[in-house]
Amino acid sequence: MLRIKPIVFFASLAIATFSCNIDKSTYLFDGKISQLETVDTEYKIQMLLEQMTLKEKAGQMLNIGLPALLTKGYWDLRDTAAFDTARFRKFIVDYGVGSIHNTPGFPPDKNTWFGFIKKIQDAAMQETRLGIPVLYGIDNIHGANYVLGSTMFPHQIGIAASWNTEISRIAGEVTSYEARSASLPWNFNPNLDLAITPLWGRIGESSGEDTYLVSEMGVAYIKGSQHKGLHDSTSTAVCLKHYLGYGASLNGKDRANALIPENYLREYFLPQFEKAIESGAMGVMLSSNAVNGIPCHINSYYINDILKGEMHFKGVVISDFSDIEFLVNAHSSAANKREATKMAVNAGLDLIMNPFDADVVDYIVDLTEKGEIPMSRINDAVSRILRLKFYLNLFEVPYNNPENYSLFAGEESVKLNYQAASEAVTLLKNDNNLLPLPLGKKVLVTGYASNSINVLNGAWSRSFLGQATEYNDQDKLTILDAVKANVGYERTRFIEGTGYLEDVNSDKALSMARKADYVIVCVGEIPASEKASDINELELPEAQQELVRKLAAANKPVILVMVQGRPRIIREIEPHCDAILMAYLPGNEGGRAIADIIFGKVNPSGKLPYTYPKYSGNAMIYKHKKSDVRDTNWGYDGFYPQYEFGFGLSYTRFEYSELKLSKDTLSEGQELTISVDVSNTGSVAGKEVVEVFLKDLVATVSPDVKKLVRFNKINLEPGETKTLSFILTDKDLASIGINNQWVTEEGDFEIFVGGNPSAMLKQGFYLSR
């Protein structure tokens, strides 16, 4: 227990409820601070701040990489880790670092993580003057993916493709539980980037191209992560990323410049962050890119005025990896690192992810002593960091006994993970109802993605790029393994076909295809993230396309399975495929889910969370302006994707009827109720995503052709009908006007409801002011 020593103790104080107006001279710190249940957090923060030296405050503003504390070099390969005694004392005790991130270079199990964290926290809390615990953050991108043996869910794009917010909530809850079993309390997730550039390599880590879908999935994830309260030993604090515009780069490359005018910023890029903050998010990670030429890390308007001002954000703003240094080397916005530190901190940055050393601490001290950073800014930053530590109860419980987490990666987590993968997979084509395939037939499985757990999991899977095979869970099934489990080893044939970019034995694959009844060809992307995920063309690699063309010559039904985060262009090979499944990056249970869908154990129910382009020169999102689609004949038929946002097929049929609106004229401030009947007219049970779009027919600022405003995923038995209701408010009808403010303009609107974007019921109403 940390201690606080009273100098004068009044009897009335013993029974008083502490508040910020208590005489602070009553207490003197005896080197530590205690968790007094009756003292509110803000008062505890203030008491602690008053005892801190400038260097101690600056130390709290440093987030350093774990390898900097270990023996060997930062980037050296390791399969075990040991602390370097001198480095450990320098950073943890002498500098009193506030936060740590990263892995030791391999994925420890939860017991090993516990040992690392315990040693760090014991030193921070017992060997420093004030005993402030360290805040440990890590990228739990699709599960507690850096804890060996943990549950690895589909990446966010797959969760979004399920259109089931409950799955996102569950993913957050399981991830938090398993991360806390390893004493990792801060999660650099969810990703709220709006992925509007299909070339961008981190689409798989996002929830797609639509602001509303991204918002709903993000809020659900936060609820799962934090629903028991941050003080609970099964909850983690989330850190929203990346603020702002990371997925909107002009050239589609990682960390590249984006151009975002103010009205677009407010209508498409800010709402998901605002909703997440309202839901209790206490961390925000800045984006490494620049918007309109201004690096996000020095954009005071974005951080101080909007995030901390308009959104009233009280949590921690952290930089991304080495981004103070990148202000000098990448953005050329600062002459040196000292100047970069000054610019970023004054712009509102609270916690600097400076992985290699503590030089920024010295810069902060020097800059503050010379009046170049005001002490008020330092106190604000440190207050935010301490606030999160208090909320997480780290002063009382700085680490967790892994033996108390008996549900870690247990049967229930596996079941939930399988459900997530099953609901994510999206059926894009099924000519002549080819799928599901019958059992008892001969099947050839081939292609780059057919026999790889790593491709199913993608990046951030035990290792950063996800390419290391030695950490794979040995009991998980590849697509090939799962097909064998369905039809038997004797009926399954396998050949690699291609690598990611190169032909391996496609001619032999064709020969084997001639002897099979069905051909399952699995294409995909190499696991990668950030700069390693940059590509120069959106087309599926030519070697993989050529394999499909060759296999088609066997005149056997071809089922194409795509395992990828991005929508790689398949225009030329699509006609050669009888059925197409989009699996995204489905995680450790993805192989089972894909095979079970192919053979009918699961009815697919995923819908695209982005527009799947047909041509690289026509890669626009569904939420565009009418003028964007002028065609060469001066008509408006210039939008022709391969598959539309929200599209996905099923093994059953759904029919929509009885679309009704509660009003045909809506006055400002009133609600509009939408009701519709949905029937399963097929022969098998199925899940359907009911999508509701809104179209503003006329607006001063050119309106979108439509926008998603509601959705709901339902299950229907054969012959069953359900009536669904949705309520819209005038806020749903608003858009950013010519003065960059939310406005609702009088006029005609249309509602579209259905499960197929190209065949929806429609009804209009009028908004009167």
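Parameters and conventions
- Residues numbered from 1 in each chain as written.
- Predicted model: local features only at pLDDT ≥ 70, side-chain atom pairs only at ≥ 80, totals over all residues.
- Heavy atoms only, no water.
- Core = buried A, V, L, I, M, F, W, Y, C linked by side-chain atoms within 4.5 Å.
- Buried < 20%, exposed > 50% of the residue type's maximum accessible area, 1.4 Å probe, protein only.
- Helix = DSSP H or I, 4+ residues; strand = E, 2+ residues; numbered from the N terminus.
- Contact = heavy atoms within 4.5 Å.
- Salt bridge = Lys/Arg side-chain N within 4 Å of Asp/Glu carboxyl O.
- Axes fitted to C-alpha atoms, helices over the stretch in contact; angles between N-to-C directions.
- Parallel < 35°, antiparallel > 145°, perpendicular 65-115°, else oblique.
- Left-handed = near helix turned anticlockwise from the far one by under 90°.
- Pairing = 2+ DSSP bridges.
- Expected span 1.5 Å × (residues − 1).
- Polar contact = N/O pair within 3.5 Å; in protein donor to acceptor, adjacent residues only side chain to side chain.
- Disulfide = S-S within 2.5 Å.
- pLDDT = per-residue confidence, 0-100.
- Nonpolar A, V, L, I, M, F, W, Y, C, P; charged D, E, K, R; others polar.

1. Re the nonpolar core
Okay, step 1: The biggest cluster of nonpolar side chains holds 117 residues, and the ones touching the most others in it are Ile92, Ile100, Trp113, Trp186, Leu240 and Tyr243.
Okay, step 2: The greatest single-element share of this core, amounting to seven residues, is contributed by helix α15 (residues 375–391).
Okay, step 3: If near-sequence neighbours (up to four positions away) are discounted, Trp113 is found in contact with Leu66, Asn102, Thr103, Pro104, Pro108, Tyr136, Ile138, Tyr146, Val147, Ala182 and Leu184.
Okay, step 4: Counting 37 residues, the second largest nonpolar core, distinct from the first, contains Val443, Ile479, Ile597 and Val602.

2. Things to note about helix α10 (residues 271–278)
Okay, step 1: Regarding α10, the residues found buried are Pro271, Gln272, Phe273, Ala276 and Ile277.
Okay, step 2: For α10, the secondary structure elements touched by its buried residues are α8 (211–226), β8 (240–243), α9 (262–269), α11 (300–310) and β27 (742–743).
Okay, step 3: Following α10 by one or two positions, Gly280 has its phi on the positive side, about 110 degrees.

3. Looking at the pattern of salt bridges
Okay, step 1: Per the stated rule, a full pass over the model turns up 48 salt bridges.
Okay, step 2: The closest approach of N and O atoms between Glu750 and Lys762, which form a salt bridge, is 3.8 Å. Taken together, the residues Glu750 in strand β28 (residues 747–754) and Lys762 in strand β29 (residues 761–768) connect sequence positions 12 residues apart.
Okay, step 3: Taking the relative accessible area as the measure of exposure, Lys762 reaches 51% and is therefore exposed.
Okay, step 4: It is possible to trace a salt-bridge network through shared partners that takes in Arg202, Glu205, Asp254, Arg255, Asp320 and Glu530.

4. Comments concerning the packing of helix α16 (residues 411–424) against helix α21 (residues 590–598)
Okay, step 1: Their axes nearest at 8 Å, the elements α16 and α21 cross at an angle of 50 degrees. Taken together, the axes of α16 and α21 are oblique relative to one another. As α16 packs across α21, the resulting crossing turns out to be right-handed. Each of Val414, Tyr418, Ala421 and Ser422 in α16 lies in contact with α21, whose residues at this interface are Gly590, Arg592, Ala593, Asp596 and Ile597.

5. Describing the sheet that holds strand β20 (residues 654–661)
Okay, step 1: One open sheet accounts for three strands, arranged β20-β22-β25; its pairing is antiparallel. Edge positions in the open sheet fall to β20 and β25 (721–728), since each of these has one partner strand only. Mean inter-strand twist for the sheet, computed between neighbouring axes without regard to direction, equals 20 degrees.

6. Quick word on the sheet that holds strand β5 (residues 135–138)
Okay, step 1: Strand order in the open sheet formed by six strands is β7-β6-β5-β4-β3-β13, with parallel pairing between adjacent strands. Looking at strand neighbours, the two that pair on one side only are β7 (237–238) and β13 (352–353), the edges of this open sheet.
Okay, step 2: As paired elements, β5 and strand β6 (residues 186–187) share two bridges and run parallel to each other. Within β6, the residue paired with Ile138 across the bridge is Asn187.

7. Thoughts on α8
Spacing of three or four residues puts side chains on the same side of an α-helix, whose turn is 3.6 residues.
Okay, step 1: Along its 16 residues, α8 runs 22 Å from first to last C-alpha, staying within 8% of the 22 Å computed at 1.5 Å per residue.
Okay, step 2: Most of α8 is tucked away, with 14 of its 16 residues classed as buried.
Okay, step 3: For α8, the side-chain oxygen to backbone nitrogen distance between the N-cap and Tyr212 is 3.0 Å, and the N-cap itself is Asp210.

8. Let's talk about the state of the cysteines
Okay, step 1: By the definition in use, this model includes zero disulfides.
Okay, step 2: Cys239 forms no disulfide, and the closest cysteine sulfur to it belongs to Cys296, at a distance of 14 Å.
Okay, step 3: With a relative accessible area of 0%, Cys239 lands in the buried category.
Okay, step 4: Here Cys522 stays free of any disulfide, with the sulfur of Cys577 as its closest cysteine sulfur at 11 Å.
Okay, step 5: Exposure remark for Cys522: the relative accessible area of 0% places this residue in the buried category.

9. Looking at unusual backbone geometry
Trans is the prevailing form of peptide bonds, just as negative phi is the prevailing case for residues other than glycine.
Okay, step 1: The omega torsion across Asn189 and Pro190 is 10 degrees, close enough to zero to call that bond cis.
Okay, step 2: Mapped onto the elements, Pro190 comes out in the loop between β6 and α8.
Okay, step 3: Cis geometry is adopted by the peptide bond preceding Pro436, which originates at Leu435 and carries an omega value of 5 degrees.
Okay, step 4: Take Pro436: it is sitting in the loop between β14 (426–430) and β15 (443–446).
Okay, step 5: One non-glycine residue, Ser322, lies in positive phi territory at about 60 degrees.
Okay, step 6: Positioned with a positive phi, Trp460 is a non-glycine residue whose angle comes to about 55 degrees.
Okay, step 7: Looking at the element boundaries, Trp460 is found in the loop between α17 (453–457) and α18 (479–487).

10. Considerations on the environment of Thr368
Okay, step 1: Checked against the element boundaries, Thr368 lands in helix α14 (residues 359–369).
Okay, step 2: Judged by its relative accessible area of 9%, Thr368 is buried.
Okay, step 3: Between the C-alpha atom of Thr368 and that of Leu672, which follows or precedes it by 304 residues, the distance is 55 Å.
Okay, step 4: Excluding residues within four positions of it along the chain, Thr368 makes contact with Leu54, Ile373, Met375 and Ile378.

11. Let's talk about the confidence of the model for the protein
Okay, step 1: Summing up the model confidence of the protein, the mean pLDDT is 94 and the portion of residues at 70 or higher is 95%.
Okay, step 2: A low-confidence stretch, residues 1–38 (pLDDT under 50), is modelled with 73 contacts involving residues beyond four sequence positions or located in other chains.

12. Here we look at the pairing of strand β23 (residues 686–696)
Okay, step 1: Among the 11 residues that make up β23, nine are buried, leaving the element largely enclosed by the rest of the structure.
Okay, step 2: Judged from the nine bridges that link them, β23 and strand β24 (residues 707–716) form a sheet pairing that is antiparallel. Paired with Val692 across the strands is Arg710, a residue of β24.
Okay, step 3: Judged from the six bridges that link them, β23 and β28 form a sheet pairing that is antiparallel. Residue pairing across strands places Lys695 opposite Glu750, the latter belonging to β28.

13. Brief notes about the packing of helix α7 (residues 165–180) against α16
Okay, step 1: Between α7 and α16, the least distance of the axes is 11 Å, while the angle of their chain directions is 145 degrees. The handedness of the crossing between α7 and α16 is left-handed. Contacts from Ile167, Ile170, Val174 and Glu178 in α7 reach Ser413, Leu416, Gln419, Ala420 and Glu423 in α16.
Okay, step 2: Looking at the contact of α7 with α16 residue by residue, the class counts come to five nonpolar, two polar and two charged.

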